[in-house]
Amino acid sequence: MSYSIFVSYRRADNPIAVKLLVKYLQDKFGEDGVFFDINVEPGKPWPEEIKTALKEAKIFLAVIGRAWLGKMESGELRIQEKDDWVKLEVEVGLNKAVPVFIDVEIPRKTDGLPEPVRQLLDLQGYTINFNGNEESEIEALLVFLESKLQSLETKDDFRNRLQKALADKYKITNSIGSGQRANVYLGRDVGLDRDVAIKAITDMELNSDFVNALKVAARISDNVPNSIAILGAYVKRNPFHVIMPYLPGGTLRKKIDEEGSPFSGNFTREKLLEIGDALVRIHECVRSAHGNVKPSNVVLNHNGKPYLNPFSIAPALTKKAVLDKLSGISFSSRSSLDKEELYYVAPELFDRNSDKTGQKIDQYMLGIIGYELLMGNIPETHTGIDDLREHGIEAFKDVETIKDKRKDCPSAFSDIIHKMIDYNPDNRFDFLEDAIFEMKKISFDDIEIAKASYARCLEKDNSGNHFFRTFYNQLIQILPETEAAKFKEKKIGELETHDQYKILREAIFILLMFAEDKRRIEPNVLSRIAERHGGGDKQLNIFPRSYDMFRDVLIKVICGSPPGFENAFDSRCQSRHERGIIEKAWRNALEPGINYMKQS
């Protein structure tokens, strides 16, 4: 067993005070962290145990009282004898020694003492007077020892010490990540046979902050479904740590870096809605903003569902605090984590007139996530740290418009993202819930886009007859004469109203329903129509190429086809950008039904 502190003392030298001091040490650092010789198990080779513990300990604590030198009846000093254990311990432990003087003045006359003992007594030490007011002096010693142990500790030492604190309940299996404040490990719950994540604080000065953050995180964990759960925590003794479920998908930052390309609009919308829902619940739960919404603080489970890290909530920030943090980052850094720190920072933190704790900061940062997912890169939202320091919010700049690069992204979705990331908070949505509400209206599913487009076309007049009449007029112009004659004979396309218009209204709905039904078990919604349009004496005997004409004319009437047919029935197709998206959606939505009709 490797101990952190070896307590050296002479048994005849104030044993009561020594035992009390050892109790304080073991309460602070654990019995496994402090070697005290009377705790050697019966049956163990006592000299070997002492030698091993002394060699492996990081700090040699020499407890020195009035009788420490060991004056004998002969007048000789015990510490001068060749086989004196205290002297032997000092010889081995001198290079890592901390002397503690109990109820005695520090001896300055060391003539005649063994050289290692003289060197020990020359070291600066701690003095503790056991007079009923010793707690403050002992506490100062404990603080010093804790700090010294931390400075001496390696990553392996820290991991071993954490494993001791975890005892037999959890077993550390791997390191997931490390930072200036904490290390995160992959562990195994031995009893439940499942993986867990263990976050342990490495900087002991942050323990009190960790405890406060833990309380907030626990409240969020209890009330926000897609926030990482808190399975347990330990804050009695270092290292302070918390146990959480292990989410194998890694962070959203990791996924973005691995993909290395823009994500689909549907993926982006889905993630923004899921993260946004968690943020809204956090606002309700803790009555404050998260303030640190970035891909590195979003963790994905095995299905890709995002979970917000409840420990990443930022404190109320000042311009100075943000600049101090950013000053250590190179503006030319290629690290995505560095760029995240630089460009996800909210503009209002640099505007003395803005609310710096408001929930619009979360809206802004969530919008930047959406922008990055769609565009495939972190936007350079400002012109640099020096400009931020000198010009404040004026250093922020407009970013490239999403729809200029993403032709497949509906303008409505692009507009929502740009509204969320406007550097003037007053131009953003009043509430995050408003942005989420608008995003829910957006669809990237071709069938849903076609349905919404069809509804807009029929809004031109109450019956939709104008739309169907226009469609037949266009279709008759390109059909073979024999097929066109059938429509002309019945004055379809001429009359303001006609039963055929009702039939077509239903047929388009059925085509969309067919595309939506992935099972397509026979008979299906199109079976009756396909049979009627097939060959034979009683059927309409429609040629396969006519279905392609039907599709092309329908899309032409819906989307417009300048300059030949400029007036699109779908009002959103007046925009060339939107026309491309809607036309593609109609072609994909009609394709399954058209192919089925051709083959029937």
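Check the entry above for the structure.
Cut-offs used in this document
- Residues numbered from 1 in each chain as written.
- Predicted model: local features only at pLDDT ≥ 70, side-chain atom pairs only at ≥ 80, totals over all residues.
- Heavy atoms only, no water.
- Salt bridge = Lys/Arg side-chain N within 4 Å of Asp/Glu carboxyl O.
- Helix = DSSP H or I, 4+ residues; strand = E, 2+ residues; numbered from the N terminus.
- Buried < 20%, exposed > 50% of the residue type's maximum accessible area, 1.4 Å probe, protein only.
- Pairing = 2+ DSSP bridges.
- Contact = heavy atoms within 4.5 Å.

**What about the pattern of salt bridges?**
Turning to step 1, where the next piece is worked out: On inspection of all chains with the given rule, the structure shows 36 salt bridges.
Turning to step 2, where the next piece is worked out: Asp324 is paired through a salt bridge with Lys320; the nearest N and O atoms lie 2.8 Å apart. Within this pair, Asp324 and its partner Lys320 are both found in helix H10 (residues 319–326), separated by four residues, close to a single helical turn.
Turning to step 3, where the next piece is worked out: For Asp324, a relative accessible area of 46% corresponds to the partly exposed category.
Turning to step 4, where the next piece is worked out: Residues Lys451 and Glu516 are paired through a salt bridge, measuring 2.9 Å at the closest nitrogen-oxygen approach. In this pair, Lys451 is assigned in helix H17 (residues 446–458) and Glu516 in helix H20 (residues 499–516), connecting sequence segments 65 residues apart.
Turning to step 5, where the next piece is worked out: Residue Glu516 is classed as partly exposed on the basis of its relative accessible area, which comes to 36%.

**Regarding the sheet that holds strand E12 (residues 298–300)**
Turning to step 1, where the next piece is worked out: Pairing in this open sheet of three strands is antiparallel, and the strands run E11-E12-E13 from one edge to the other. On the outer flanks of this sheet lie strand E11 (250–251) and strand E13 (306–308), each paired with one strand and no other.

**Notes on the environment of Ala233**
Turning to step 1, where the next piece is worked out: On the secondary structure map, Ala233 appears in strand E9 (residues 232–234).
Turning to step 2, where the next piece is worked out: Considered as a pair, Ala233 and Pro47 are 186 residues apart in the sequence and their alpha carbons are 38 Å apart.
Turning to step 3, where the next piece is worked out: Ignoring sequence-local partners within four residues, the contact set of Ala233 consists of Leu214, His241 and Val242.

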